[in-house]
Amino acid sequence: MKKTAARLADGRELLYYDLRDDTVRDPAATADRRPLPQVATRSEIRRDALLGDAVAIASHRQERTYHPPVDECPLCPSRDGRATEVPADDYDVVVFENRFPSLAGESGRCEVVCFTADHGASFADLPEERARLVLEVWADRTAGLAALPGVEQVFCFENRGAEIGVTLGHPHGQIYAYPFITPRTERMLASAAAHRERTGGGNLFDAVVAREAADGGRIVVDGRHWVGFVPYAAHWPYEVHLYPRRRVPDLRGLDEDARAEFPRVYLDLLRRFDRLFGPGEPPTPYVSAWHQAPFRAAGREEFALHLELFTIRRTSGKLKYLAGSESGMSVFINDVPPETAARRLREAAGG
C-alpha cells in the first residue's frame with residue numbers, strides 16, 4: 001500500500017491509498033485549483049440532560065450536496081475539465097475531510113472514504129485485493145485519528161442506498177472521530193463490566209460468540225479467522241455481526257491471518273444481502289458499522305472489535321420503519337425471527 005498526502009484548495013487533508021507501492025502522484029498534476037474559501041465549519045456538542053446523550057449541532061450541513069446527477073458527482077475523479085473533491089483523474093481508495101462535517105474543530109472530525117473511482121460500482125463489486133486495501137485504510141485512519149487531541153473513539157461505517165438516507169450515490173463510507181464515547185458503546189462497556197462482575201472475570205463478547213457457535217442455528221459465515229451470525233435478539237430484519245475469532249479492541253489489532261481472510265468473508269456477506277430478495281430487486285440498502293473500543297475507556301482491552309451489518313428492507317418492496325415503541329422508547333420489534341433470517345442468508349450463498 002502506498003499512501004500520499006495532499007491538501008484541497010480550502011485546506012482540508014486528502015490521502016490517496018494506492019495498491020502499488022511504486023505509485024507516484026505528482027503534486028502539480030493533482031493540485032486542487034478550485035476557488036474554495038478556507039474551511040470555517042464548526043459544530044457544537046450538547047448533552048441531553050435526561051438521557052446524558054451527546055447531540056451534535058451542525059447547521060452548516062443544511063447546504064451539503066443532495067442527490068446530484070452522475071455527471072456532477074463530487075466523489076468521482078476530476079476528469080474532462082470538471083473539478084471534484086478528488087483532484088486526481090483516477091484513484092484506488094481516497095480519504096478526505098468532509099466538506100460538510102457533523103463533527104468539526106474541537107468537536108471531532110469527519111472523513112469521507114471513497115472505495116473506488118467507479119461511480120456505478122458498490123463495495124460488493126470490489127475484487128478481494130481492493131477490499132483488503134479498504135480494510136488497511138480503516139486501520140490506518142483509526143491509528144491516525146487516535147493520535148489527534150481530544151479524540152476518544154473512531155467509527156468507520158458505510159451507509160448504502162437512498163432508503164437509508166444516502167445523498168451521494170458514489171460508493172463511499174465515512175469515518176467519525178468522536179470527542180466522547182458514544183452512548184451505544186457506553187452501554188456495551190457497562191454490559192461487559194456487569195458480566196465480568198457476575199461471572200468472576202468472564203468476557204461478555206467471548207460468551208456471546210461462544211453461545212452462537214454452540215447453538216449453530218444463527219451462524220451465517222464460518223471462517224477460520226472470522227465468524228458471522230444473526231444475533232439472538234436482532235433488532236433489524238436482516239442483521240449480521242461479524243467477529244474476528246481472536247479478540248482485539250480495534251482494527252489496529254488485527255493480525256495478518258484475519259486481515260487476509262476478511263475480504264473473502266465480508267464480500268461474501270455483502271453479496272448474500274444483495275441476493276436476499278431475489279433477482280430483479282434493487283440493491284439491498286444497508287448500514288455496515290465497525291464497533292471499536294474507545295481509546296482511554298476502562299475495560300478497553302476486554303472490548304471486542306466487530307462489524308454490524310444490517311438492512312432496513314424487511315421483505316421485497318417493504319422497508320422497516322421505526323415505529324412509536326422504537327423511536328420513542330428504543331424498544332425494537334422485529335418481524336423476522338433471527339433464525340429465519342440466518343437460514344435465508346445461508347441459502348443466499350453464491351453458486
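This one's a predicted model, so the numbers in the text were calculated from it and none came from an experiment.

Peer 1: Got a minute to help me understand the pairing of strand β7 (residues 153-160) in this structure?
Peer 2: Looking down a regular strand, the side chains alternate between one sheet face and the other. The buried count for β7 comes to seven of eight residues, which makes it a mostly enclosed element. As judged from the five bridges shared by β7 and strand β8 (residues 172-178), these two strands associate in the antiparallel manner. Following the sheet pairing, Phe 157 is matched in β8 by Gln 174. Where β7 lies against strand β12 (residues 286-291), four bridges are found, and the strand directions are antiparallel.

Peer 1: Would you explain the nonpolar core in this entry?
Peer 2: Ranked by internal contacts, the top residues of the largest apolar core, which has 54 residues, are Phe 123, Trp 138, Leu 251 and Trp 290. Top element by residues in this core is helix α1 (residues 128-146). It accounts for nine residues. Beyond its immediate stretch of four places on either side in the chain, Trp 290 contacts Leu 135, Trp 138, Phe 155, Cys 156, Trp 226, Leu 251, Phe 262, Leu 305, His 306 and Leu 307. Core analysis: the second largest hydrophobic core is formed by 15 residues, Cys 73, Ala 88, Val 94 and Phe 96 among them.

Peer 1: When you look at the packing of α1 against helix α4 (residues 256-275) in this model, what are you seeing that I'm missing?
Peer 2: Each packed pair of helices is defined by two parameters, the angle between the axes and the distance between the axes. It is the contact of α1 with α4, at a shortest axis distance of 9 Å, that shows an interaxial angle of 125 degrees. Comparing the axis directions of α1 and α4 gives the class oblique. Both α1 and α4 take part in a crossing whose hand is right-handed. For the pair α1 and α4, contact is made by Glu 128, Ala 131, Arg 132, Leu 135, Glu 136, Trp 138 and Ala 139 and by Glu 256, Arg 259, Ala 260, Phe 262, Pro 263, Arg 264 and Leu 267, respectively.

The rules behind these values
- Residues numbered from 1 in each chain as written.
- Predicted model: local features only at pLDDT ≥ 70, side-chain atom pairs only at ≥ 80, totals over all residues.
- Heavy atoms only, no water.
- Buried < 20%, exposed > 50% of the residue type's maximum accessible area, 1.4 Å probe, protein only.
- Helix = DSSP H or I, 4+ residues; strand = E, 2+ residues; numbered from the N terminus.
- Pairing = 2+ DSSP bridges.
- Core = buried A, V, L, I, M, F, W, Y, C linked by side-chain atoms within 4.5 Å.
- Contact = heavy atoms within 4.5 Å.
- Axes fitted to C-alpha atoms, helices over the stretch in contact; angles between N-to-C directions.
- Parallel < 35°, antiparallel > 145°, perpendicular 65-115°, else oblique.
- Left-handed = near helix turned anticlockwise from the far one by under 90°.

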